[in-house]
Amino acid sequence: MNATQTFICQPDLINPLTTMGLQMSGILVLSHLFHLAMKAVGNSGPVAQILAGLALGPTGLSRIDKVRNFLYEQSTKDYYPVMEFFFSIIFMFQIGLETDISYAIRTLRPAGTIAYGGIISSFILGGTLSFFSYRYLDFIGNTYIVYGLFIIIFLANAAPPAVIRLTAELKIATSDIGRLAVCSSLVNDMSCLFLYALIIATHSGKGFGRGILCLMVTVGLIFLNKYLALWFNRRNRNQKYLKHTEVFIILSLVIATSMIIELMSYNSSINCFLLGLMFPREGKSARTLLFKLTYSINNFILPIYFGYIGFQFNGNYLQKLENIVTVILVVVLSIAGKVAGTLAACKYMKIPLNKGVLIGFLLNMKGHADLVLLSGVSNILSWTLKSHDLLLMTIVINTVISGVVISIIMRKEEKRVAQAYRSLELQDPENELRLLACVYGPRHVAATVGIISALRGPQTAPITPYLMHLVELPEKHKAKSALYHELEDDEIEVNEDDYGGNDVLEINDAVDAFTADTKVLIQQVKAVSTFSNMYEDICDDAEDLRVSIILLPFHKHQRIDGKMESGKEGIRTTNQRVLRHAPCSVGIIVNRGPGGAPGFTQILSSETTQHVATLFFGGPDDQEALACSKRIATHPCVNLTVIRFVPSPSSSTENATHPDDDVFLADFYNRHVRSGQVRYVEKCVNNGTQTVAALTEMGDMYTLFIVGRGRRGQSPMTTGMSDWEECPELGIVGDILASSEFSINGSVLIIQQHRNPSI
């Protein structure tokens, strides 16, 4: 009997549910205490939550008679699978909703290789284990083949909820290694559940027909969700989020479909994941579901889910030697099979050994498909309660050991799994670009989205943009920013969403329009902070998200008459502090254009052509600006011109250039100019006056100017230009281009390359 059938057929609900309510309350309290205590030594939430359940269960406090009588009722065990079923529906739907489809497609080959490497090795060791453990686990009157497949799936599975939560807490969820581990765990989990479904279909005479029906129901709801999401988005055009009733309708359909599938003796986890994966990402529907689900899942559902795994751990079975041997054998073979198979796959994929070990132990985290097996195995196998409890104990021990080992590895290898690229210069334009764009309001969105659109380059070049909405908070308040899928237990205030006013609506609409036009998902972040601390939020999120560049808005905005008007001084102070403390390169966007309109906007079609100029004077910042231009040049609707300023041959002044400039430019010229992709021009100037004159000539020719911030105090080409400098944070040339006294019809992007603090 599966979870849904148990829930429907049980006549007495009140007493068991009351007891379970007390158990959940105790698990929540202890899990938060354990989490706070163990977080200081680097251990993760899932491990702390499992240990909290273990401390409350029959191995811990419930050994005391009064506690056991208060917390235990025999019939509550029948409802554990029901609780696991409903919790699994919610978090598998959310996992699908948060999955980066483009990244999953790009990494399907390496993720699949790693996942099936662990599965194949577990298949070999599982077959060996099943031969020796058949009589010890008391499987009664069953064929050895079915039992062997059960053991293989049990050893081979990985739990995506545990892997996702663990990587988020260790702050590697955005790293290449963390994302690969999550993707591999999903491939592993779906494969194990699919094999389990095949066993069910083979065991039941009508299994395959029911399987096709389940697939049709899932596909039908996928299409229905698309229409519902569009309809709800239109209905709530002037609202931040959907109404509670609309959220209830979407989740009710998911739950109802899952119950139908469970009643057909199939597991609904694959169905829920696919429903979330195929749900439309743009618009208020997906944004509302993520906002509503994430807080509940991270703070209630997952702590209770993992806590109940530990709560069911019964150490009384370990009083017999044969039980101890069985548990140790299962745990050792599970770890050995998963790590060995993963290492073999990583060696084939040329992934370093230390990262392979980390992925291996991450994929050894248990707590999903194995629980599905334990709750549904009675449909195909006959076994005793002792067999169930012994295997559940191996889940607890496996997860705790893996979590501790991962924490130890991370303390030693944390620097090696840090972001690979802190600047654009060393990054191949064909590789994924991760960037963090900051806006204070709708005024900054058009130019920012335009830059993101240009940096997207060709459609084959992957880009992962994050948009941070910066909201000023009075000094007496402080709220830390949080990504929707990485909220810490103690880092969210429910009323934080009230900040930002109606600006949020306009920003969301602009982001949704961009996603609809380009199919590129911009992940949104909000930072509510005082100006004195806002730079810390920006830099911390840039570090956690492992971006290569931060884009900031200029503190001045252009009026209709073309003059630049100063905004809040706190914006300027924040920009200056980010430039000093940023963990990566930084770009400041000066939004200028004819008649106060944005000079550079989103590229919507092939009929629109944007003319971009990169000004090169020399030095690391200009090299970074040129590296940024490489990506923009690959966009089919951008005409890029690189303008190099050089001293006139007749000049008697020595040219103070950076020693790497000629080598860098020669490589750029051979790659992009010779092919006709980029136009290259040299301007001969002797002093700042001639440089300003040259800049004035091109003021109406381009919609975007890109220039390095630079330190050009000794350059003869900028002599005297700093005499009327207003904003040193823009550099000498950037300050001129952003000045009200200088008339241009294009926006300006000033870039500073990340510098090693030790230099």
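Keep in mind the model is a prediction, meaning the values are calculated, not measured. (Residues numbered from 1 in each chain as written. Predicted model: local features only at pLDDT ≥ 70, side-chain atom pairs only at ≥ 80, totals over all residues. Heavy atoms only, no water.)

K.L.:
I'd like a description of the overall build of the protein, backed by residues and values.
P.N.:
Of the regular secondary structure elements, the protein holds 26 helices and 13 strands. Across the 759 residues that make up the protein, the buried fraction comes to 58%. Considering only contacts within the protein whose residues lie at least 6 apart along the sequence, 83% involve residues at least 24 apart. Carbon and sulfur atoms make up 59% of the accessible area of the protein, which amounts to about 31,100 Å² in all. (Helix = DSSP H or I, 4+ residues; strand = E, 2+ residues; numbered from the N terminus. Buried < 20%, exposed > 50% of the residue type's maximum accessible area, 1.4 Å probe, protein only. Contact = heavy atoms within 4.5 Å. Areas by Shrake-Rupley, 256 points an atom, 1.4 Å probe, with all protein chains shown as cover.)

K.L.:
Could you give an account of unusual backbone geometry, naming the residues involved and the relevant values?
P.N.:
In this structure, Lys171 is a non-glycine residue whose phi angle is positive, near 60 degrees. Here Lys171 is to be found in the loop between α9 (160–169) and α10 (176–203). With a phi close to 55 degrees, Arg546 is a non-glycine residue in the positive phi region. Tracing the backbone shows Arg546 in the loop between α21 (531–545) and β5 (549–553). The exposure class of Arg546 is buried, given its relative accessible area of 10%.

K.L.:
Describe helix α25 (residues 688–697), listing the residues and the values that go with them.
P.N.:
Listed in full, the buried residues belonging to α25 are Gly688, Thr691, Val692, Ala694 and Leu695. Viewed along the axis of α25, the buried residues span an arc of 160 degrees, placing them on a single side of the element. Along α25, the residues that are exposed and aim more than 90 degrees away from the buried face are Thr689 and Glu697. Where the residues of α25 are buried, they touch β9 (610–616), β10 (638–647), β11 (678–685) and α26 (731–737). (Arc of directions from axis to C-beta.)

K.L.:
Go over the pairing of strand β2 (residues 463–472) with me, naming the residues and quoting the values.
P.N.:
Among the ten residues that make up β2, nine are buried, leaving the element largely enclosed by the rest of the structure. Looking at chain direction, strand β1 (residues 433–439) and β2 are connected through seven bridges and run parallel. Bridge pairing in β2 places Cys438 opposite Met468. Bridge analysis of β2 against strand β4 (residues 523–529) gives seven bridges, and the strand direction is parallel. Counted as the bridge partner of Glu472 is Ser529 from β4. (Pairing = 2+ DSSP bridges.)

K.L.:
So, the side chain of Gln49: which residues are in play, and what are the values?
P.N.:
Tracing the backbone shows Gln49 in helix α3 (residues 45–56). Gln49 sits in the buried class, given a relative accessible area of 2%. If sequence neighbours within four positions are ignored, Gln49 has contacts with Ser31, Leu302, Pro303, Phe306 and Gly307.

K.L.:
Could you give me a rundown of the packing of aromatic side chains, with the residues and numbers involved?
P.N.:
Centre distance and the angle of the planes are the two values used to describe a pair of aromatic rings. Scanning the entire structure with this criterion turns up 13 aromatic pairs. Between Tyr241 and Phe291, the ring centres sit 4.9 Å apart and the planes meet at 15 degrees, which makes this aromatic pair stacked. Here Tyr241, found in the loop between α11 (207–235) and α12 (244–263), pairs with Phe291, found in helix α14 (residues 284–311); they are 50 residues apart in sequence, far enough to count as distant. Here Phe291 falls in the partly exposed class, since its relative accessible area comes to 23%. Taken together, the ring pairs connect Phe91, Tyr305 and Phe306 into an aromatic cluster. The ring of Tyr103 has Arg179 sitting right over it, with the charged end atom 4.1 Å from the ring centre. In this structure, Arg235 packs its charged tip against the face of Trp231, placed 5.2 Å from the ring centre. (Phe/Tyr/Trp six-rings, centres within 6.5 Å; stacked < 30°, edge-to-face > 60°. Lys NZ or Arg CZ within 6 Å of the ring centre and 35° of its normal.)

K.L.:
Give a description of the pattern of salt bridges that names residues and reports values.
P.N.:
Scanning all chains against the criterion turns up 16 salt bridges. Between Arg434 and Glu432 there is a salt bridge; the shortest N-O distance is 3.8 Å. Here Arg434 falls in the buried class, since its relative accessible area comes to 6%. A residue is classified by how much of its surface remains accessible, and Glu432, at 15% relative accessible area, is buried. As a salt-bridge pair, Lys568 and Glu472 come within 2.8 Å of each other at their nearest N and O atoms. You can see Lys568 sitting in the loop between β7 (564–566) and α22 (569–581) and its partner Glu472 sitting in strand β2, a full 96 residues away along the chain. (Salt bridge = Lys/Arg side-chain N within 4 Å of Asp/Glu carboxyl O.)

K.L.:
Before we move on, could you go through the side chain of Thr19 and cite the residues and values that matter?
P.N.:
Mapped onto the secondary structure, Thr19 falls in helix α2 (residues 14–39). The buried category is assigned to Thr19, whose relative accessible area is 8%.

K.L.:
Could you give me a rundown of the environment of Ile750, with the residues and numbers involved?
P.N.:
For Ile750, the location among the structural elements is in strand β13 (residues 747–752). By relative accessible area, which is 2% here, Ile750 ends up buried. Between the C-alpha atoms of Ile750 and Ala625, which are 125 residues apart in sequence, the distance is 7.8 Å. Not counting chain neighbours up to four residues away, the residues in contact with Ile750 comprise Val586, Gly587, Ile588, Val590, Val707, Gly708, Arg709, Leu730 and Gly734.

K.L.:
Outline the packing of helix α19 (residues 445–455) against helix α20 (residues 503–518), listing residues and values.
P.N.:
Packing of α19 against α20 brings their axes to within 11 Å, and their N-to-C directions diverge by 25 degrees. When the axes of α19 and α20 are compared, the pair comes out roughly parallel. Crossing of α19 over α20 shows right-handed handedness. In this structure, α19 uses Val445, Val449, Ile452 and Ser453 to contact α20, whose residues at the interface are Ile507, Ala510 and Phe514. For the contact of α19 with α20, a count of residues per class yields six nonpolar, one polar and no charged. (Axes fitted to C-alpha atoms, helices over the stretch in contact; angles between N-to-C directions. Parallel < 35°, antiparallel > 145°, perpendicular 65-115°, else oblique. Left-handed = near helix turned anticlockwise from the far one by under 90°. Nonpolar A, V, L, I, M, F, W, Y, C, P; charged D, E, K, R; others polar.)

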